[in-house]
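Read off the chains here:
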Amino acid sequence: MDFDPKKYIEKSVEEIRKLIRLEDSEKVLAACSGGVDSTVAAVLVSKALGRPIKAVYIDDGLRRKGEGSYVVKVLRNLGLDAFIYDAKKEVLQALKGLKDAEEKRKAFREAFYTVLGNIIKEMDAKYLVQGTIAADVVETVGGIKTQHNVLEQLGIDTAKYGFKVVEPIKDLYKPQVRMVARELGLPKDISERKAFPGPGFAIRIVGEVTWEKLEILREVTEIVEEETKDIEAFQSFAVLLDLKATGIKDGKRSYGYIVVLRVVESTDAIEAKFVEIPFERLRRISKRIIAEVPQISRVLYDVTDKPPATIEFE
Ligand code: XMP
């Protein structure tokens, strides 16, 4: 591959300096999820301006257990002025009653950017830095699905939210973002971190998102991530279906949710293959989930590649 991360960083820093004046560095907010994309974007802007910028982790309730405090710690260690903003109420309210995947994506996008717009207004800021990458744009503009972070490319004027979007890595794909992350000296935890979608569990819960389902999926996710961490994969996660099935617990009939395990190999997320996990491992994961998460009655494994499926379920 002839991509040179060092040169890319130099070019990107120059471009950011043309876009944001040094006097305006107080007016910059980076939206950071803890993923490699948004972290690289924030660090590039901070490097270009030569000073720490503010970075917000929006706690929308749609992420893993303990994610907010972990992400803020990592961002602070990278010299960013990071904080958590609690938007659980707004986001859950926006998703309430919605079952359709695209409606959920659009409602999440609207709530997310309204919250960000409010923070930006409070800060009297002007620029929003985000880690949009090429795959996000290609799939949204191509009509595969609406990525929450693709706005201007769809003709959505961000002036309505009160800020200008800065997307320093929007021409890169994941492998190049990881190369830039390594070159920037980001910790391995971040540079090699598995992708996690912007709308989080909202697109891993099929159908309506409720707090009860979110709590269940958080528990299952913890088990799945722990049990698959040694398996080479682009992503490995759980999806909660909108269906229940009969089971037996303590010798009695139970009726619980169905979860699907999804473990895929990919380089750029545009195509993916399901990983042939040994049955023995699948049985172990299934047993743990059923034993530790009482609301679950069945565990399925997804054996569909992308295409024809997508990686996420919604
Ligand atoms: P799909 O499901 O389209 O996912 O095959 C491709 C890659 O993108 C992630 N993904 C998203 N990331 N906002 C994001 O930031 C989104 O709306 C979104 N939808 C999917 C997914 O996890 C996979 O890595």
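Owing to the predicted nature of the structure, the values given are computational and were not obtained by experimental measurement.

A short note on the overall build of the protein chain
The secondary structure content of the protein chain amounts to 10 helices and nine strands. Against the 2.2 N^0.38 benchmark of 20 Å for 314 residues, the protein chain shows a C-alpha radius of gyration of 20 Å, consistent with a compact globule. Expressed as a percentage of the 314 residues in the protein chain, the buried residues total 55%. Once local pairs closer than 6 in sequence are excluded, the contacts in the protein chain between residues at least 24 apart make up 74%. Taken as a whole, the protein chain presents about 14800 Å² of accessible surface, with 51% of it coming from carbon and sulfur. Across the protein chain, the centroid of the 52 positively charged side chains sits 2 Å from that of the 52 negatively charged ones.

Some points on the side chain of Asp37
Its location among the elements puts Asp37 in helix α2 (residues 36–49). Here Asp37 falls in the buried class, since its relative accessible area comes to 11%. When near neighbours in sequence (up to four residues on either side) are disregarded, Asp37 contacts Gly131, Ile133, Ile169, Lys174 and Val177.

Some remarks on the sheet that holds strand β1 (residues 28–31)
In space, the five strands of this open sheet follow the order β3-β2-β1-β4-β5, with parallel pairing throughout. Because the sheet does not close on itself, it has two edges, and the strands there are β3 (81–86) and β5 (164–166). With direction set aside, neighbouring strand axes in the sheet form an average angle of 30°. One ladder, built from six bridges, connects strand β2 (residues 54–59) with β3; its direction is parallel. Residue pairing across strands places Val56 opposite Phe83, the latter belonging to β3. Sitting on the sheet, helix α3 (residues 67–77) touches β2 and β3, and the angle it makes with β3 is about 160°. Together, β1, β2, β3 and β4 (127–129) form the strand contacts of helix α5 (residues 101–123), whose direction differs from that of β2 by roughly 140°.

A short note on the environment of Phe201
Relative to the helices and strands, Phe201 resides in the loop between α8 (188–191) and α9 (211–228). The class for Phe201 is buried, based on a relative accessible area of 0%. Distance in space between the C-alpha atoms of Phe201 and Tyr70 is 18 Å, their sequence separation being 131 residues. Each residue touching Phe201, except ones within four places of it in the same chain, is listed here: Leu62, Arg63, Arg64, Phe196, Leu214, Leu217, Arg218 and Thr221.

What about the domain arrangement of the protein chain?
Domain assignment breaks the protein chain into domain 1 (5–191) and domain 2 (204–301). Distance between the C-alpha centres of domain 1 and domain 2: 28 Å. Of the roughly 1400 Å² buried between domain 1 and domain 2 on both sides combined, carbon and sulfur atoms contribute 59%. The interface formed by domain 1 and domain 2 contains three salt bridges. Salt-bridge contacts for Glu222 lead to Lys65; the nearest nitrogen and oxygen are separated by 3.0 Å. Taken together, the connections running from domain 1 to domain 2 amount to eight residue pairs in polar contact (both at pLDDT 80 or more). Where the side of domain 1 that touches domain 2 is concerned, the elements lending two or more residues are α4 (88–95), α6 (134–141) and α7 (174–183). Class assignment for the residues of the side of domain 1 that touches domain 2 results in seven nonpolar, two polar and 10 charged.

Rules and cut-offs
- Within every chain, residues take consecutive numbers counted from 1 along the sequence as written.
- A pLDDT threshold of at least 70 governs which residues receive local features in this predicted model, and a stricter bar of 80 or more applies before side-chain atom pairs are shown or counted, although totals over entire chains, interfaces and linings include all residues.
- Processing note: side-chain calculations cover all non-hydrogen atoms of the structure and skip hydrogens and water entirely.
- Each helix is a run of H or I in the DSSP string that is no shorter than four residues. Each strand is a run of E no shorter than two, and both are numbered from the N terminus.
- In this setup the radius of gyration rests on C-alpha atoms only. A globule is expected at 2.2 Å times the number of residues raised to 0.38.
- Whether a residue is buried, partly exposed or exposed follows from its accessible area with a 1.4 Å probe, protein chains only, as a fraction of its type maximum: under 20%, in between, or over 50%, in that order.
- Residues count as neighbours in contact if any of their non-hydrogen atoms are within 4.5 Å of one another.
- Computed with a 1.4 Å probe, the accessible areas rest on the Shrake-Rupley method; for each residue, only the protein chains presented here act as cover.
- Residues scored as charged are limited to Lys and Arg (positive) and Asp and Glu (negative), so that His and the chain ends carry no count.
- Charged side chains are reduced to one point each, which is NZ for Lys, CZ for Arg, CG for Asp and CD for Glu.
- When DSSP locates at least two bridges between a pair of strands, those strands are taken to pair.
- Helix axes are fitted to C-alpha atoms over the stretch in contact, other axes to C-alpha atoms as well, and angles between N-to-C directions run from 0 to 180 degrees.
- Domain start and end points were adopted from an automatic or database domain assignment.
- Reported buried area values correspond to the accessible surface (1.4 Å probe) lost by two parts on association, with both partners' losses combined.
- What makes a salt bridge here is a side-chain nitrogen of Lys or Arg within 4 Å of a carboxyl oxygen of Asp or Glu, nothing more.
- Side-chain atoms alone can form a polar contact between residues adjacent in sequence; in general such a contact is a pair of N or O atoms within 3.5 Å, and within protein one must be able to donate a hydrogen while the other accepts it.
- Residues are grouped as follows: nonpolar covers Ala, Val, Leu, Ile, Met, Phe, Trp, Tyr, Cys and Pro; charged covers Asp, Glu, Lys and Arg; every other residue, Gly included, is treated as polar.

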